[in-house]
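The lines below spell out each chain.
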Amino acid sequence: MCGILAVLGCSDDSQAKRVRVLELSRRLKHRGPDWSGLYQYGDCFLAHQRLAIIDPASGDQPLYNEDKSIVVTVNGEIYNHEELRKRLSNHKFRTGSDCDVIAHLYEEYGADFIDMLDGIFSFVLLDTRDNSFIVARDAIGITPLYIGWGLDGSVWISSEMKGLNDDCEHFEYFPPGHLYSSKEGDFRRWYNPPWFLEAVPSTPYDPLVLRKAFEDAVIKRLMTDVPFGVLLSGGLDSSLVAAVTARHLAGTKAAKQWGTQLHSFCVGLEGSPDLKAGKEVADYLGTVHHEFHFTVQDGIDAIEDVIHHIETYDVTTIRASTPMFLMSRKIKAMGVKMVISGEGSDEIFGGYLYFHKAPNKEEFHKETCRKIKALHQYDCLRANKSTSAWGLEARVPFLDKEFINVAMNIDPESKMIKHDLGRMEKWVLRKAFDDEENPYLPKHILYRQKEQFSDGVGYSWIDGLKAHAAEHVTDRMMLNAEHIYPHNTPTSKEAYYYRMIFERFFPQNSARLTVPGGASVACSTTTALEWDASWSKNPDPSGRAALGVHVSAYDPLPPVAPNVEKVSPKILNKKARMVEVM
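Residues numbered from 1 in each chain as written. Predicted model: local features only at pLDDT ≥ 70, side-chain atom pairs only at ≥ 80, totals over all residues. Heavy atoms only, no water.

Trainee: Break down the sheet that holds strand 11 (residues 178–181) for me, with residues and values.
Mentor: The six strands lie next to each other as 4-5-6-7-11-12, forming an open sheet whose pairing is antiparallel. Sheet topology places strand 4 (63–64) and strand 12 (186–189) at the edges, where each strand pairs with a single neighbour. With nine bridges connecting them, strand 5 (residues 70–78) and strand 6 (residues 119–127) associate as antiparallel partners. Paired with Asn75 across the two strands is Ser122, which belongs to strand 6. Of the strands in this sheet, strand 4, strand 5, strand 6 and strand 7 (132–137) are in contact with helix 3 (residues 101–109), which crosses strand 5 at around 120°. (Pairing = 2+ DSSP bridges. Helix = DSSP H or I, 4+ residues; strand = E, 2+ residues; numbered from the N terminus. Contact = heavy atoms within 4.5 Å. Axes fitted to C-alpha atoms, helices over the stretch in contact; angles between N-to-C directions.)

Encoded structure:
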């Protein structure tokens, strides 16, 4: 992932402004340590920090069309760039970069070309012929992007909040699947799939169609000119990514450059569920496996850096981002610049444990739609910024545009969790890869219960975070929380602790508004919290809060003592106990 920064239509085109843009661009240098570029045209500045994955030798940005009248700075990967180059046979390209097609597509088709791009991207395109510009973000929001407005009428664009928060009167996240045009002065949605309106689909489930769509999505992401690997926690999603990658690596350009031996990476506390399962899958697939251990104290020590890079105070995201942040540093130190990861599957297939309580297929489907729409504020943000903090790129095949179209068109009745029929969470995905003749994975891995990443790295990780927060946030602070933080008021000491750190880095009201809020259990939306009355008594985002579902669920909260109006919140440090799956 690269870092882009643009200041468009500012009132000051002086050398001082150029120096300021360079200064702000350097705040994004962790995203692109390989090259820095800056283009100025009058009162418009386009800056770029490059992480070179395709054509490292000549793909530096900004990029141009033939006569340099169209200038573009891009963060992303365009997987169908070779096909698009064939459609642009009358154009001449300066580089082999996959992003080089964007300026030429605009010249040929205008702004309507965006849906032709198969990949992930955030870009700013300046047309010097009429001094207009467009900004666009990929369908799901896998690449981060923010937009801000200055008092002088300028528009600011940045891959991260820290590139614009000190200079804009107001800023917000750039909505996924949208385009902003200076001519229109507003956003319009370019990504309009059928599932977005939440209409319930009726296409019968075909396991082979689903399998083929996912394999195609993984194969696309083997496009690389640098060393790469896979993240392998041993859960279903990362294990399928690793299995498909291992099967199809031979014969690719990447294999010719770097060999057919796949490298896999896992992180966890000593003895964690993920480390054990990850090693087993790696042995089964024959990958060169790398385990990274961290302690609870290692994670706690990194929290401030994590919040500064991830730019959120959301509890779930910080819990999961910290081990990923620590692992990414180790991976980059080994010379690897790109990894393939399993984010997105749970949102598409209803994999979180709270989906066990979905009352019907209509609610099940609507919740998956809500979850996918919110991914850019949660797992996409975590996966991108945790890795980009160290100049590492994460690719996510489950969020491939074509794969989502296939998966979200399946009749949700097939996705429903039905114990009487032997169907657990993500059954349709598991069944698609349950090949008796040529198995992708061991059966018990293929049917392993969902573990959220922040749980799978070791249950004591979350318990340790809660205990640490309790040492720094008093009961009196919690009593005044709604006055200190009236927006998204923290409801736990852990949330309060993260909020204090976040506000120190990003004190602006615009910043706090970029973070979602609302009660949640096991990563549910607030709407789905209503599926089970007992969950409202224990609204923790950990999967273990799904009482009666997770096999290592938290103990139920003790009953409130009679004649006591208010009980001070306490951290539950009990060991998880085994409960029967309902």
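Back to the text.
Trainee: Which residues make up the packing of aromatic side chains, and what values do they have?
Mentor: Following the criterion strictly, the structure yields 30 aromatic pairs and no others. With centroids separated by 5.8 Å and ring planes inclined at 65°, the aromatic side chains of Tyr39 and Tyr64 adopt a geometry described as edge-to-face. Within this pair, whereas Tyr39 is found in strand 2 (residues 35–41), its partner Tyr64 is found in strand 4, the two being separated by 25 residues in sequence. Residues Tyr354 and Trp531 carry aromatic rings whose centres are separated by 5.8 Å and whose planes lie at 40° to one another, so their mutual orientation is tilted. With a gap of 177 residues between them, Tyr354 in the loop between helix 10 (345–349) and helix 11 (361–374) and Trp531 in the segment after helix 21 (509–513) connect regions that are remote in the sequence. Exposure class is identical for Tyr354 and Trp531. Each is buried. Three or more aromatic residues link up through ring pairs in this structure, and these residues are Phe113, Phe121, Phe123, Trp190, Tyr191, Trp195 and Phe196. A cation over a ring is seen here: Arg85 above Phe93, with NZ or CZ 4.5 Å from the ring centre. We note Arg504 situated over the ring of Phe505; from NZ or CZ to the ring centre the distance is 5.8 Å. (Phe/Tyr/Trp six-rings, centres within 6.5 Å; stacked < 30°, edge-to-face > 60°. Buried < 20%, exposed > 50% of the residue type's maximum accessible area, 1.4 Å probe, protein only. Lys NZ or Arg CZ within 6 Å of the ring centre and 35° of its normal.)

Trainee: How would you explain the sheet that holds strand 16 (residues 338–340) if you had to name every residue and give the values?
Mentor: Picture the strands of a sheet paired through backbone hydrogen bonds; they go either parallel or antiparallel. Spatially, 15-14-13-16-17 is the arrangement adopted by the five strands of the open sheet, whose pairing is parallel. Every interior strand has two partners, whereas the edge strands, strand 15 (288–293) and strand 17 (393–395), have only one. Direction aside, neighbouring strands of the sheet carry axes that sit 30° apart on average. Its contacts with the sheet put helix 5 (residues 236–248) on strand 13 (228–231) and strand 16, and the angle it makes with strand 13 is roughly 145°. The sheet strands contacting helix 9 (residues 315–333) are strand 13, strand 14 (263–268), strand 15 and strand 16, and the helix crosses strand 14 at an angle near 140°.

Trainee: Give a description of the nonpolar core that names residues and reports values.
Mentor: The biggest cluster of nonpolar side chains holds 86 residues, and the ones touching the most others in it are Phe113, Phe123, Ile140 and Phe403. No other element matches the six residues that helix 5 contributes to this core. If near-sequence neighbours (up to four positions away) are discounted, Ile140 is found in contact with Pro176, Tyr191, Trp195, Ile372, Leu375, His376, Cys380, Leu399 and Ile404. Ranked by size, the runner-up nonpolar core spans 59 residues in total, among them Phe45, Ala302, Ile307 and Val515. (Core = buried A, V, L, I, M, F, W, Y, C linked by side-chain atoms within 4.5 Å.)

Trainee: Residue-level account of the UniProt feature "active site" (unreviewed entry) in the protein chain, with values.
Mentor: Under the UniProt annotation, "active site" (unreviewed entry) lies at Cys2. Among the structural elements, Cys2 can be located in the segment before strand 1 (3–8). Residue class for Cys2 comes out buried when judged on its relative accessible area of 7%. Discounting residues that sit within four places of it in the chain, Cys2 has contacts with Arg31, His48, Gln49, Arg50, Leu51, Val74, Asn75 and Ser159. (UniProt positions renumbered as here; feature names shortened; annotations may be inferred.)

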